[in-house]
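The residues making up each chain are set out below.
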Amino acid sequence: MAFDGDQLSALAAVVHEGSFDAAAQRLHVTPSAVSQRIKALEQQVGRVLVLRTRPCRPTDDGEVLVRLAGQMELLGRDAMAQLVPAPGASRAAPSSRRLPVAVNDDSMSTWFPAAVADLPADVLLDLRREDQELSADLLRDGTVMAAVTADPRAVQGCRVRRLGAMRYLAVAAPDRRDRWFADGLGAEVFAAAPLLAFNREDGLQERFVASVVGRRTTTPHVHYVPSQSAFVGLVEAGLGWGMVPEVAAAPLISAGALVEIRAGRHLDVPLYWQHWALRTPTLDDLTERVVRAAAKALRPVRRHGPPSTAG
């Protein structure tokens with residue numbers, strides 16, 4: 001079955017922009033033209049591809065075609081960049097290639113910039129900040145072509161590469177550690193001590209407590225701080241204790257600004273690079289850069305079998 005490129009682009013634009021009107025502005029056509037293209041595509045495949053909600057969302061079948069639209073665009077731009085000009089003709093300036101990538105905040109604030117600091121001039125990044133536990137969803141619906149994720153299971157149509165483990169330390173300001181944990185590291189003590197979490201999906205603090213006391217506990221004293229730099233700053237200021245990447249915590253521990261709640265106890269979070277199962281120079285180059293930067297910054301991950309490819 002051959003797909004029409006304009007119809008696929010219309011579907012992708014509606015999903016990425018969230019509405020038919022916004023998609024029309026992006027494509028420089030009328031909302032009616034966008035609607036007609038998507039309707040024709042849905043008639044061709046015989047199923048609904050996008051839910052007309054606010055914002056618009058792709059169906060499972062729609063996710064497959066949104067991903068296809070992005071792959072076709074990337075392949076086309078890479079092909080154009082490799083075309084040899086005819087004799088006597090000057091080479092046209094390469095068109096920009098945009099790379100939508102999902103990266104968790106801790107990686108974006110520590111090791112990931114080294115991977116993309118010297119990208120080619122015609123490559124434009126579109127970084128989406130997303131928790132490593134949830135970034136696979138953006139791959140699944142075609143919003144991004146690659147992601148740093150904590151899930152080793154390949155999303156349909158994607159490949160997975162091990163990157164390494166980000167080590168987290170449980171830290172607090174010295175005077176706060178002495179005050180909150182003066183009576184030891186029991187479950188009741190942890191339940192009373194204020195802590196910081198990145199967001200409501202952040203379970204690192206609870207996992208650390210369970211590793212120390214042997215069972216899951218909860219605390220009503222949670223501050224949500226969805227910024228790595230602000231998170232570290234507020235732990236240092238004494239608002240609460242929290243799990244901080246080793247690379248960010250180590251200098252502050254050396255300076256005496258932070259102390260570990262329990263020395264020698266840490267959590268290692270394995271990270272993986274998931275990307276479309278597509279071979280293009282642009283995506284291959286990005287993958288090589290990310291793997292190389294991660295190898296320098298992250299800790300090795302124990303292997304539990306070969307990386308996988310889905311679809």
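The name given to the protein chain in an unreviewed UniProt entry is HTH-type transcriptional regulator LysG, with the source organism recorded as Cellulomonas terrae. Quoted straight from UniProt, the Sequence similarities (unreviewed entry) entry for the protein chain says "Belongs to the LysR transcriptional regulatory family."

J.: Report on the overall build of the protein chain, specifying residues and quantitative values.
T.: On a plain count of helices and strands, the protein chain comes out with 13 helices and eleven strands. Expressed as lengths along the three principal axes of its C-alpha atoms, the size of the protein chain is roughly 75 × 45 × 35 Å. Taken over 311 residues, the protein chain has a buried fraction of 47%. Long-range contacts, defined as pairs at least 24 residues apart, comprise 75% of the intrachain contacts of the protein chain with a sequence gap of at least 6. Total accessible area computed for the protein chain in this model is approximately 15500 Å², and 51% of it derives from carbon and sulfur atoms.

J.: Could you give an account of empty space enclosed by the protein, naming the residues involved and the relevant values?
T.: Across all of its chains, the model carries one cavity of 30 Å³ or more by this definition. Taken as a whole, the largest cavity holds about 60 Å³ of empty space. As for the largest cavity, its lining consists of Phe 190, Ala 191, Leu 195, Gln 205, Glu 206, Val 209, Thr 217, Thr 218, Thr 219 and Trp 241. Of all the secondary-structure elements, those providing two or more residues to the lining of the largest cavity are α9 (187-192) and α10 (204-213). The greatest single-element share of the lining of the largest cavity, amounting to three residues, is contributed by α10. Residue classes in the lining of the largest cavity are distributed as five nonpolar, four polar and one charged.

J.: Give me the nonpolar core: which residues, what numbers.
T.: Trp 111, Phe 112, Leu 163, Trp 241 and Trp 273 are the most contacted members of the largest nonpolar core, which has 53 residues in total. Formed by 20 residues, the second largest nonpolar core is a distinct cluster that contains Val 14, Val 15, Cys 56 and Leu 65.

J.: Describe in detail the environment of Gly 203, supporting the description with residues and values.
T.: Assignment of secondary structure puts Gly 203 in the loop between β7 (195-197) and α10. Residue classification places Gly 203 among the partly exposed residues on the basis of a relative accessible area of 26%. Along the sequence, Gly 203 and Val 235 sit 32 residues apart, while their C-alpha atoms lie 17 Å from each other.

J.: A description of the domain arrangement of the protein chain should follow, citing residues and the corresponding values.
T.: As assigned here, the protein chain comprises domain 1 (1-85) and domain 2 (96-311). Placing the centre of domain 1 and that of domain 2 at their C-alpha centroids yields a distance of 32 Å. If you look at the interface, domain 1 gives 14 residues, while domain 2 gives 18 residues. Here domain 1 meets domain 2 over a buried area of about 1300 Å², counting both sides, of which 62% is carbon and sulfur. Considering only the surface of domain 1 that becomes buried against domain 2, Arg 67, Leu 74 and Asp 78 emerge as the three largest contributors, covering 44% of it. Scanning the region where domain 1 abuts domain 2 turns up zero salt bridges. At the surface where domain 1 touches domain 2, the tally comes to two residue pairs in polar contact (both at pLDDT 80 or more). Secondary-structure elements contributing two or more residues to the side of domain 1 that touches domain 2 are α1 (5-17) and α4 (60-82). Considering every element that reaches the side of domain 1 that touches domain 2, the biggest residue donor is α4, with eleven residues.

J.: Before we move on, could you go through the pairing of strand β3 (residues 97-103) and cite the residues and values that matter?
T.: Of all the seven residues making up β3, six are buried; the element is thus mostly covered by neighbouring parts of the structure. Pairing of β3 with strand β4 (residues 123-129), which is carried by seven bridges, proceeds in the parallel orientation. Paired with Leu 99 across the two strands is Leu 125, which belongs to β4. Sheet topology places β3 next to strand β5 (residues 146-149); two bridges connect them, and they run parallel. Its bridge partner being in β5, Val 101 is matched across the sheet by Ala 146.

J.: Break down the UniProt feature "domain: HTH lysR-type" (unreviewed entry) in the protein chain for me, with residues and values.
T.: In this numbering, the UniProt entry assigns the feature "domain: HTH lysR-type" (unreviewed entry) to residues 3-59. The span residues 3-59 is 63% helical and 7% strand by assignment, and the distance between its end C-alpha atoms comes to 18 Å.

J.: Go over the packing of α1 against helix α3 (residues 31-45), please, and point to the residues and values.
T.: Where α1 contacts α3, the two axes come as close as 8 Å, and the packing angle between them is 110°. Classified by the angle between their axes, α1 and α3 sit roughly perpendicular to one another. Crossing hand, α1 versus α3: left-handed. Seen from α1, the contacting residues are Asp 6, Gln 7, Leu 8, Ala 10, Leu 11 and Val 14; seen from α3, they are Val 34, Arg 37, Ile 38, Ala 40, Leu 41 and Gln 44. A breakdown of the residues in the contact of α1 with α3 according to their chemical character gives eight nonpolar, two polar and two charged.

Analysis parameters
- Residues numbered from 1 in each chain as written.
- Predicted model: local features only at pLDDT ≥ 70, side-chain atom pairs only at ≥ 80, totals over all residues.
- Heavy atoms only, no water.
- UniProt positions renumbered as here; feature names shortened; annotations may be inferred.
- Helix = DSSP H or I, 4+ residues; strand = E, 2+ residues; numbered from the N terminus.
- Buried < 20%, exposed > 50% of the residue type's maximum accessible area, 1.4 Å probe, protein only.
- Contact = heavy atoms within 4.5 Å.
- Areas by Shrake-Rupley, 256 points an atom, 1.4 Å probe, with all protein chains shown as cover.
- 1 Å grid on protein atoms, 1.4 Å probe; cavity = no way out; pocket = protein on both sides within 12 Å on 5 of 7 lines; lining within 4 Å.
- Points joined across faces, edges and corners; volume = space filled by probe spheres on them.
- Nonpolar A, V, L, I, M, F, W, Y, C, P; charged D, E, K, R; others polar.
- Core = buried A, V, L, I, M, F, W, Y, C linked by side-chain atoms within 4.5 Å.
- Domains from an automatic or database assignment.
- Buried area = accessible area lost by both parts, 1.4 Å probe.
- Salt bridge = Lys/Arg side-chain N within 4 Å of Asp/Glu carboxyl O.
- Polar contact = N/O pair within 3.5 Å; in protein donor to acceptor, adjacent residues only side chain to side chain.
- Pairing = 2+ DSSP bridges.
- Axes fitted to C-alpha atoms, helices over the stretch in contact; angles between N-to-C directions.
- Parallel < 35°, antiparallel > 145°, perpendicular 65-115°, else oblique.
- Left-handed = near helix turned anticlockwise from the far one by under 90°.

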